[in-house]
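Descriptive structure summary
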Amino acid sequence: MKAVFRRVTRRRLLKLLAAVGFGAPLATHLIADEAGANLKCTNKATQEMPALILDTDMLTDCDDAGALAMLHALADNDEVRILGVVVNGKDVHGKHGAVVSAINHFYGRGDLPIGVCKRSEGASPRKASSFSQAIFAEFPHDGRADEQRPDATKVYRKLLSRSPDRTVTIASIGFLTNLDGLLRSAGDEFDPRDGLTLVRAKVKLLSVMGGRYPSGAEHNLNYSGAIDATRFVCEYWPDEIAPMVFSGFELGGAIITGKAYRHAPSSPMRRCYELAYDSLRNGRPSWDQTTVLHAVRGLQHGGEVYWTEISGGSNQVDAAGGNRWVASPMRRQSYLRRALDDSAMAALIEDLMTRPPKLRRR
Ligand SMILES: [Ca+2]
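Here the structure is a predicted model, which is why all the values come from computation and not from measurement.

All right, on to the overall build of the chain then. Counting its secondary structure elements, the chain contains 16 helices and 16 strands. Per-residue burial for the chain yields a buried fraction of 51% across its 362 residues. Sequence-distant contacts in the chain: of pairs separated by 6 or more residues, those separated by 24 or more amount to 83%.

Below, the structure is given as structure tokens:
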């Protein structure tokens with residue numbers, strides 16, 4: 001009875017706020033909120049295996065490679081089904097999509113769809129990948145340069161249109177430019193619905209590596225060329241239906257992994273750690289792995305609590321890309337706080353990152 005009362009009261013409050021002239025962004029949230037009023041961002045232990053799209057920059061840092069490796073290990077463990085990978089940012093070498101392909105091939109999933117950012121110059125960060133040329137030359141992949149790959153927005157729309165309603169999890173471990181493109185997209189050959197409507201129908205969770213909490217500044221959100229996309233996605237993502245969970249710089253920064261690749265056989269990931277920031281010797285923070293692990297396992301797994309969640313608010317992003325957490329009963333964004341000891345989390349992540357591919361063990 002109390003729950004019913006809360007829902008009714010909330011709806012009336014939302015309608016009242018809409019009636020007194022809140023703008024289109026909030027009205028959008030209000031309308032969608034009624035449909036999603038009973039949704040909760042919950043422990044994955046009670047949910048079905050997620051179907052996941054990874055959105056990675058795979059540019060200068062090797063944690064993207066470690067995160068994709070970990071995702072494959074979780075898929076080998078039947079904890080997640082990988083739908084595809086979209087690559088954000090632009091690699092001046094035009095080969096960072098091939099790094100994704102090489103890692104997918106390593107794990108026996110070379111047929112996964114890969115889309116790359118096709119935004120115009122200035123509408124996306126552009127960098128030189130630390131490792132894309134070496135990986136392209138040294139490891140098996142599909143042979144494509146970025147210019148030969150499909151648009152990430154199209155890949156997103158195709159994968160979403162073919163998925164059952166409210167089943168797709170997105171893990172974003174780079175810039176929010178592809179998600180910006182998805183939200184702004186128009187109906188196409190895959191689905192007549194616009195991007196926002198499609199997201200509302202299909203996505204159940206967006207887990208994002210970005211920002212610092214409760215406030216600060218971080219590369220994924222504030223890098224030149226990414227800020228407009230950051231602000232749009234944080235403002236317009238329909239979190240009332242698909243909760244948006246942030247893993248901040250402070251979480252992954254204290255979880256050092258990668259040195260275990262020194263004792264592992266040759267692989268694209270090992271080479272990435274060798275070439276980026278001398279990480280084979282020093283290890284590297286696990287910013288991106290924390291987000292992927294949350295996207296797949298949620299707040300806890302096997303009786304072990306990884307994180308707690310600060311919810312009931314949203315991430316406000318200023319014109320310089322700095323972020324600040326603002327509590328609000330109207331929004332369903334949240335950010336994670338550490339619950340598990342950093343060294344225990346590092347051991348857990350590194351174990352997953354370095355597991356041999358399941359297909360090759362057979
Ligand atoms: Ca990244």
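Here we take up the confidence of the model for the chain. Of the residues in the chain, 86% reach a pLDDT of 70 or more, and the chain-wide mean stands at 89. Note that pLDDT drops below 50 for residues 1-46; the model gives that stretch 38 contacts with residues more than four away or on any other chain.

Now for the nonpolar core. Counting residues in each nonpolar core, the largest one holds 96 residues, and the members touching the most others are Met70, Leu71 and Ile103. Among the elements that make up this core, the one with the highest residue count is helix H3 (residues 63-76) (9 residues).

Moving on to helix H6 (residues 152-161). Within H6, 7 of the 10 residues are buried, leaving the element largely enclosed by the surrounding structure. Of all the positions in H6, only Ala152, Thr153, Val155, Tyr156, Arg157, Leu159 and Leu160 are classed as buried.

Where helix H7 (residues 177-184) meets helix H8 (residues 195-202), the axes come as close as 5 Å, and the angle between the chain directions of the two elements is 105°. Viewed along their axes, H7 and H8 adopt a mutual orientation that is roughly perpendicular. Two secondary-structure elements touch here, H7 through Leu182, Leu183 and Arg184 and H8 through Gly195, Leu196 and Val199. Partitioning the contact of H7 with H8 into residue classes produces 4 nonpolar, 1 polar and 1 charged.

Glancing now at the sheet that holds strand E14 (residues 307-317). Strand order in the open sheet formed by 10 strands is E4-E2-E1-E6-E7-E9-E16-E14-E15-E8, with mixed pairing between adjacent strands. Every other strand in the sheet has two partners, leaving strand E4 (114-116) and strand E8 (215-216) as the edge strands with one partner each.

Attention now goes to the environment of alanine 346. Within the secondary structure, alanine 346 sits in helix H15 (residues 342-353). Sequence separation of alanine 346 and alanine 254 is 92 residues, and the distance between their C-alpha atoms is 8.8 Å. The contacts of alanine 346, once residues within four sequence positions are left out, are Ile255, Ile256, Thr257 and Ser286.

Turning our attention to unusual backbone geometry. Following tyrosine 213, the chain continues into proline 214 via a peptide bond in cis, with omega recorded as 10°. On the secondary structure map, proline 214 appears in the loop between strand E7 (203-209) and E8. With a phi close to 55°, arginine 166 is a non-glycine residue in the positive phi region. For arginine 166, the position within the fold is in the loop between H6 and strand E6 (168-173). One non-glycine residue with positive phi stands out, namely tyrosine 277, at about 55°. Looking at the secondary structure, you find tyrosine 277 in the loop between helix H12 (268-275) and helix H13 (279-282). We classify tyrosine 277 as partly exposed; it has 18 C-beta atoms within 10 Å.

We now examine helix H14 (residues 287-297). Among the 11 residues of H14, 11 are classified as buried, and the element is accordingly described as predominantly covered. Taken residue by residue, H14 has Trp287, Asp288, Gln289, Thr290, Thr291, Val292, Leu293, His294, Ala295, Val296 and Arg297 as its buried positions.

In this section: the pairing of strand E16 (residues 333-338). Bridge count between strand E9 (residues 244-247) and E16: 3 bridges; the pairing is parallel. Pairing of valine 245 across the sheet is with serine 334, part of E16. The sheet contact formed by E14 and E16 spans 6 bridges and is antiparallel. Opposite glycine 313, over in E16, you have glutamine 333 as the bridge partner.

Contact pair H3 / helix H4 (residues 96-106): the axes reach a minimum separation of 10 Å and the direction vectors enclose 35°. In this structure, H3 crosses over H4, and the sense of that crossing is right-handed. Contacts between H3 and H4 involve Ala65, Leu68 and Ala69 from the former and Val99, Val100 and Ile103 from the latter.

Looking now at the pairing of strand E1 (residues 51-56). Counting buried residues in E1 gives 5 out of 6 residues, a clear majority hidden from the surface. When E1 meets strand E2 (residues 81-87), the two strands line up parallel, connected through 6 bridges. Bridged to aspartate 55 within E2 is valine 86. Of the crossover connections in this fold, the one passing from E1 over H3 to the parallel E2 is right-handed. Two strands pair when backbone bridges link them, and E1 and E6 are joined in this way by 6 bridges, in the parallel orientation. Residue threonine 56 lies in a different strand from E6, and its bridge partner there is isoleucine 173.

We now examine the environment of isoleucine 170. Its place among the elements puts isoleucine 170 in strand E6. Separated by 36 residues in the primary sequence, isoleucine 170 and leucine 206 have C-alpha atoms spaced 4.8 Å apart. Excluding its chain neighbours within four sequence positions, the residues that come into contact with isoleucine 170 are Ile53, Asp55, Val203 and Leu206.

By the element assignment, glycine 94 lies in the loop between strand E3 (90-91) and H4. Overall, glycine 94 belongs to the partly exposed group, with 19 C-beta atoms counted inside 10 Å. Remark: the alpha-carbon pair of glycine 94 and glutamate 147, spanning 53 residues in sequence, is separated by 6.9 Å. Contacts of glycine 94, omitting those with residues within four sequence positions, involve Ala145, Asp146 and Glu147.

Definitions and cut-offs
Residues numbered from 1 in each chain as written. Predicted model: local features only at pLDDT ≥ 70, side-chain atom pairs only at ≥ 80, totals over all residues. Helix = DSSP H or I, 4+ residues; strand = E, 2+ residues; numbered from the N terminus. Buried ≥ 20, exposed ≤ 12 C-beta atoms within 10 Å, placed from the backbone. Contact = placed C-beta atoms within 7 Å. pLDDT = per-residue confidence, 0-100. Core = buried A, V, L, I, M, F, W, Y, C linked by C-beta atoms within 7 Å. Axes fitted to C-alpha atoms, helices over the stretch in contact; angles between N-to-C directions. Parallel < 35°, antiparallel > 145°, perpendicular 65-115°, else oblique. Nonpolar A, V, L, I, M, F, W, Y, C, P; charged D, E, K, R; others polar. Pairing = 2+ DSSP bridges. Left-handed = near helix turned anticlockwise from the far one by under 90°. Right-handed = clockwise from strand over helix to strand, strands pointing away.

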